[in-house]
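The lines below spell out each chain.
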Amino acid sequence: MNEARLWQYATIAFAAALMTLTSAHVLLHKRDARAAVAWIGFVWLAPLLGVFVYWAFGVNRIRRRAHLLFAGRETPELAPGDAAVTPSQVEELLGSAHPALDNLAELGERVTSLPLMAGNRVDPLVNGDEAYPRMLEAVEAAAESVSLSTYIFDNDAWGRRFREALAAAVARGVEVRVLVDDVGARYSMPSIVGGLRRDGVTTARFMRSLWPWRFRYYNLRSHRKILVADGRVGFTGGMNIRAGHVLREAGRHPVKDLHFRIEGPVVAELQKAFADDWKFTAGETLEGPRWFPPVEPCGPTIARAISDGPDEDFDKLRLILLGALACAQRSVRVATPYFLPDSELAAGLQVAALRGVRVEVVLPEENNLTLVRWASTAALEDLEPRCRVFLVPPPFDHSKVMVVDDAWVLLGSANWDSRSLLLNFELNVECYDPDLAVRVNRVLESKLTMAREVTAAQLRARPLPARLRDRFFRLFSPYL
């Protein structure tokens, strides 16, 4: 046997060993049987490419890193204090009109291991026009500390206003920490991170990646949006820091969104989420009254923060969503920019509608991610006819909120897709407050006045090539 033939056999044997090893890893670590079948098929039908793509994108590396980096963390645990509310108290506080919400509260406590906190005030802020001035006001009034975590922090007119406010806070002796996702920091060049550091603002990039450019579909990103001033005033929701969110000044890429200002004991949970991420990234422990002062009750909202990510918080938010759909008695309203629910969430929406619950899904008519728009359109065909779907006209609507039975509100950074619920780090807040639900519903109803309803019949009447295209990209929804 000549040397060339030996090399051929050795190469084939090596490739077969790699494919076998990769397939074994898929079987051990992929919970979804369909995803496992898809990966194994890809590995064997495209041997070298399939192996490379799986190990590059299909492996959840952060779990192993989290075990190493989070296991020894020193961030202090929160003491609930008098603000803690038990699930059995929820029905007493909300009244008999919401009999199933105590079950949802109990689910949340078991999933998150955190109590509900009473005495919060939560105010919706529409677009950057309302949110950014209030956020800058909080930074400018801070006397002790400011923590800011965001996915995108653009180096534009509004990004520079935030940079100036943060630098001024440092100059007057405030402790400031800024955490920007490494991929999100590249949405504008040059990145604002360098300017923040030159101004003396302690800044870190979350999860440095090997990609030398911005890549929208890169996983394991920090998608959280958190701003906390003096440990007492917090902001969270769907809004990054970029000029397009301020519609009165937006240029070519205006983006509608919804953010929330929060006061009360639950702000400590937002601060804890930031402190954990900061410890993970920078190795510094944030503790003491400067970061976690005593916070007095100041409003009617019962709330709990829900941290979710591909680490110890894995799958928490998806379980909460499934629980909310199961507990809904009268109505479910969902607004999200990226709608690619897995089969369980889609079934949850359909089952709720079949039980007689009014289910409404509010989506942007035009999406900034073309592949997601195509895949999402295919998903809508399966959601009808029981669930009502509304498309909001441009500008692109990035709002993320869910309202159940006009009493429970879920707000935060997560979308209804696998990237948010399984692959990225997110922060949401569940709120038990009928008055807040009324205010959020008013915002959503203002969107619905401009929206058009789309039906399954209309979707199926589209040209066959468009339907085949959408169905094809629906196959890739776990990775979009």
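Structure's up top.
Residues numbered from 1 in each chain as written. Predicted model: local features only at pLDDT ≥ 70, side-chain atom pairs only at ≥ 80, totals over all residues. Heavy atoms only, no water.

Engineer: If you had to explain the overall build of the chain to someone new, which residues and values would you point to?
Structural biologist: A tally of regular secondary structure across the chain gives 17 helices and 18 strands. Out of the 480 residues belonging to the chain, those deemed buried represent 56%. Of the contacts formed within the chain by residues at least 6 apart in sequence, a portion of 81% connects residues at least 24 apart. Summed over all atoms, the accessible surface of the chain reaches about 20500 Å², with 57% contributed by carbon and sulfur. (Helix = DSSP H or I, 4+ residues; strand = E, 2+ residues; numbered from the N terminus. Buried < 20%, exposed > 50% of the residue type's maximum accessible area, 1.4 Å probe, protein only. Contact = heavy atoms within 4.5 Å. Areas by Shrake-Rupley, 256 points an atom, 1.4 Å probe, with all protein chains shown as cover.)

Engineer: So what's going on with the packing of helix H13 (residues 370-383) against helix H17 (residues 464-474)? Which residues, and what values?
Structural biologist: Two numbers describe how H13 lies on H17: the axes approach to 7 Å, and their chain directions differ by 100 degrees. Overall, the two elements H13 and H17 adopt an arrangement that is roughly perpendicular. Touching Leu371, Trp374, Ala375, Thr377, Ala378, Ala379, Glu381 and Asp382 of H13 are Arg467, Arg469, Asp470, Arg471, Phe473 and Arg474, all from H17. Class assignment for the residues of the contact of H13 with H17 results in 6 nonpolar, 1 polar and 7 charged. (Axes fitted to C-alpha atoms, helices over the stretch in contact; angles between N-to-C directions. Parallel < 35°, antiparallel > 145°, perpendicular 65-115°, else oblique. Nonpolar A, V, L, I, M, F, W, Y, C, P; charged D, E, K, R; others polar.)

Engineer: Tell me about empty space enclosed by the protein, residues and numbers included.
Structural biologist: Per the stated rule, a full pass over the model turns up 4 cavities of 30 Å³ or more. By volume, the largest cavity is sized at about 90 Å³. Lining the largest cavity are 13 residues, and of these Val401, Leu410, Ala414, Trp416 and Asn428 lie nearest its centre. A per-class count over the lining of the largest cavity returns 10 nonpolar, 2 polar and 1 charged. The wall of the second largest cavity is formed by 13 residues, among which Met135, Leu148, Lys225, Met239 and His259 lie closest to the centre. Contributing elements (two or more residues each) for the lining of the second largest cavity: helix H7 (127-141), strand E3 (145-150) and strand E6 (226-229). Ranked by residues supplied to the lining of the second largest cavity, first place goes to E3 with 3 residues. A per-class count over the lining of the second largest cavity returns 8 nonpolar, 4 polar and 1 charged. (1 Å grid on protein atoms, 1.4 Å probe; cavity = no way out; pocket = protein on both sides within 12 Å on 5 of 7 lines; lining within 4 Å. Points joined across faces, edges and corners; volume = space filled by probe spheres on them.)

Engineer: How would you summarise the pattern of salt bridges if you had to cite specific residues and measurements?
Structural biologist: Within the structure shown, the criterion is met by 32 salt bridges. Here Arg248 ties to Asp129 by a salt bridge, and the two come within 3.3 Å at their closest N and O atoms. Of the two residues, Arg248 sits in the loop between strand E7 (233-237) and strand E8 (255-256) while Asp129 sits in helix H7, which places them 119 residues apart along the sequence. For the salt bridge of Arg333 with Glu445, the shortest nitrogen-to-oxygen distance reads 3.4 Å. Linking Arg333 in strand E11 (residues 331-335) with Glu445 in helix H15 (residues 434-448), this pair joins segments that are 112 residues apart in sequence. (Salt bridge = Lys/Arg side-chain N within 4 Å of Asp/Glu carboxyl O.)

Engineer: Tell me about a nonpolar patch on the surface, residues and numbers included.
Structural biologist: The grouping of Phe472, Leu475 and Phe476 at the surface amounts to a nonpolar patch, some 310 Å² of accessible area in total. The topology assignment puts Phe476 in the segment after H17. (Patch = residues over 30% accessible without salt bridge, like charges linked within 9 Å, V, L, I, M, F, W, Y side chains within 5 Å.)

Engineer: So what's going on with helix H5 (residues 87-94)? Which residues, and what values?
Structural biologist: Of all the positions in H5, only Pro87, Val90 and Leu94 are classed as buried. Projected onto a plane normal to the axis of H5, the buried residues spread over an arc of 25 degrees and lie on a single side. Turned more than 90 degrees from where H5 packs its buried face, Ser88 and Glu92 sit exposed. On its buried face, H5 is in contact with strand E1 (84-85), helix H6 (101-112), strand E2 (116-126), strand E17 (426-432) and H15. (Arc of directions from axis to C-beta.)

Engineer: Talk me through the packing of aromatic side chains; I want residue IDs and the actual numbers.
Structural biologist: Under the counting rule described, the total for this entry stands at 10 aromatic pairs. Relative to Phe280, the ring of Phe206 lies with its centre 5.5 Å away and its plane at 35 degrees, an arrangement referred to as tilted. Pair noted here: Phe206 is in strand E5 (residues 202-206) and Phe280 is in helix H10 (residues 267-282), with a separation of 74 residues, a long-range link. Assigned by exposure class, Phe206 and Phe280 land together as buried. (Phe/Tyr/Trp six-rings, centres within 6.5 Å; stacked < 30°, edge-to-face > 60°.)

Engineer: Explain the side chain of Asp417 to me, using residue names and the numbers behind them.
Structural biologist: For Asp417, the location among the structural elements is in the loop between strand E16 (408-412) and helix H14 (418-423). A residue is classified by how much of its surface remains accessible, and Asp417, at 5% relative accessible area, is buried. Looking at Asp417, its side chain comes within polar contact range of the main-chain nitrogen of Ser420, at 2.9 Å. Residues within four places of Asp417 in sequence aside, it is in contact with Tyr338 and Leu340. (Polar contact = N/O pair within 3.5 Å; in protein donor to acceptor, adjacent residues only side chain to side chain.)

Engineer: Can you explain unusual backbone geometry? Please cite residues and give values.
Structural biologist: The omega torsion across Met189 and Pro190 is 0 degrees, close enough to zero to call that bond cis. With respect to the helices and strands, the residue Pro190 is situated in the loop between strand E4 (175-181) and helix H9 (192-198). Looking along the chain, the bond that leaves Pro394 and enters Pro395 is cis, with omega of 5 degrees. Considering the arrangement of structural elements, one finds Pro395 in the loop between strand E13 (388-392) and strand E14 (396-397). Despite not being glycine, Ser113 shows a phi value in the positive range, around 60 degrees. Mapping Ser113 onto the fold places it in the loop between H6 and E2.

Engineer: Requested: an account of the nonpolar core, with residues and values cited.
Structural biologist: Core analysis: the largest hydrophobic core is formed by 45 residues, its most contacted members being Val332, Met402, Trp408, Trp416 and Tyr432. If one sorts the elements of this core by residue count, helix H11 (residues 316-327) sits on top with 6 residues. Setting aside chain neighbours within four positions, we find Trp416 in contact with Leu321, Leu325, Val334, Thr336, Tyr338, Phe339, Leu340, Pro341, Leu345, Leu349 and Met402. Residues Leu166, Val178, Ala229 and Val233 belong to the second largest nonpolar core, which totals 33 residues. (Core = buried A, V, L, I, M, F, W, Y, C linked by side-chain atoms within 4.5 Å.)

Engineer: Lay out the environment of Gln89 in plain terms, naming residues and giving numbers.
Structural biologist: One can find Gln89 in helix H5. Between the alpha carbons of Gln89 and Ala105 there is a distance of 9.5 Å; along the sequence they are 16 residues apart. A distance of 2.8 Å separates the side chain of Gln89 from the backbone nitrogen of Thr86, its partner in a polar contact.

Engineer: Residue-level account of the side chain of Arg318, with values.
Structural biologist: The residue Arg318 is located in helix H11 in this model. Among the polar contacts listed, one links the side chain of Arg318 to the side chain of Asp342, at a separation of 3.2 Å. There is a polar contact of 2.3 Å between the side chain of Arg318 and the side chain of Glu344.

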